[in-house]
Amino acid sequence: MVWLRKQTIISSARTSEERLRLTNPAARSIPRIFIRGIQFRFLASKEEKAQRLGWIVYHVDAGHDAMISNPVSVSDILQNIATSS
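Residues numbered from 1 in each chain as written. Predicted model: local features only at pLDDT ≥ 70, side-chain atom pairs only at ≥ 80, totals over all residues. Heavy atoms only, no water.

Core analysis: the biggest nonpolar cluster contains seven residues, these being Y58, V60, A62, A66, V74, I77 and I81. Those elements giving two or more residues to this core turn out to be β2 (56-60) and α4 (71-84). Take this core: its biggest share by element is three residues, from α4. When sequence neighbours within four positions are dropped, the list of residues in contact with V74 reads V60, A66 and M67. (Core = buried A, V, L, I, M, F, W, Y, C linked by side-chain atoms within 4.5 Å. Buried < 20%, exposed > 50% of the residue type's maximum accessible area, 1.4 Å probe, protein only. Helix = DSSP H or I, 4+ residues; strand = E, 2+ residues; numbered from the N terminus. Contact = heavy atoms within 4.5 Å.)

As a further point, take the pairing of β2. Bridge analysis of strand β1 (residues 33-37) against β2 gives five bridges, and the strand direction is parallel. In the strand pairing of β2, G37 is matched with V60. For the crossover from β1 across helix α2 (residues 44-52) to β2, the handedness is right-handed. (Pairing = 2+ DSSP bridges. Right-handed = clockwise from strand over helix to strand, strands pointing away.)

On inspection of all chains with the given rule, the structure shows one salt bridge. Its salt-bridge partner being R36, residue E47 comes within 2.7 Å of it at the nearest N-O pair. Of this pair, E47 sits in helix α2 while R36 sits in strand β1; the two residues are 11 residues apart in sequence, bridging distant segments of the chain. With a relative accessible area of 9%, R36 lands in the buried category. (Salt bridge = Lys/Arg side-chain N within 4 Å of Asp/Glu carboxyl O.)

Scanning all chains against the criterion turns up one aromatic pair. Here F40 and F42 contribute two aromatic rings whose centre-to-centre distance is 5.7 Å and whose plane-to-plane angle is 55°, an arrangement assigned as tilted. A residue is classified by how much of its surface remains accessible, and F40, at 25% relative accessible area, is partly exposed. (Phe/Tyr/Trp six-rings, centres within 6.5 Å; stacked < 30°, edge-to-face > 60°.)

Taken together, the side chains of R19, R21, K49 and R52 define a basic patch exposed on the protein surface. With respect to the secondary-structure elements, K49 resides in helix α2. We classify K49 as partly exposed; its relative accessible area is 45%. (Patch = residues over 30% accessible without salt bridge, like charges linked within 9 Å, V, L, I, M, F, W, Y side chains within 5 Å. Areas by Shrake-Rupley, 256 points an atom, 1.4 Å probe, with all protein chains shown as cover. Lys, Arg positive; Asp, Glu negative; His and termini not counted. Charge placed at Lys NZ, Arg CZ, Asp CG, Glu CD.)

Remember, this is a structural readout, not a statement about activity or role.
Dropping the structure here:
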């Protein structure tokens, strides 16, 4: 856990609320993907929004820091995304 604490920072929840404006038309062709650690309930509403918008949704049996607590599953998802595009 010491290593983890050195690698992470506390950030405001508002960082996920800031609207991202894509002005390059080519950006619209990039698939939208949402990866959710299902143990982190805070993101359930974000997942629902992503689904409504037609995003591809993946689930990982992990909390917020899925890449640390379940790196194999996250890696498998990323490999799948990379090879399916």
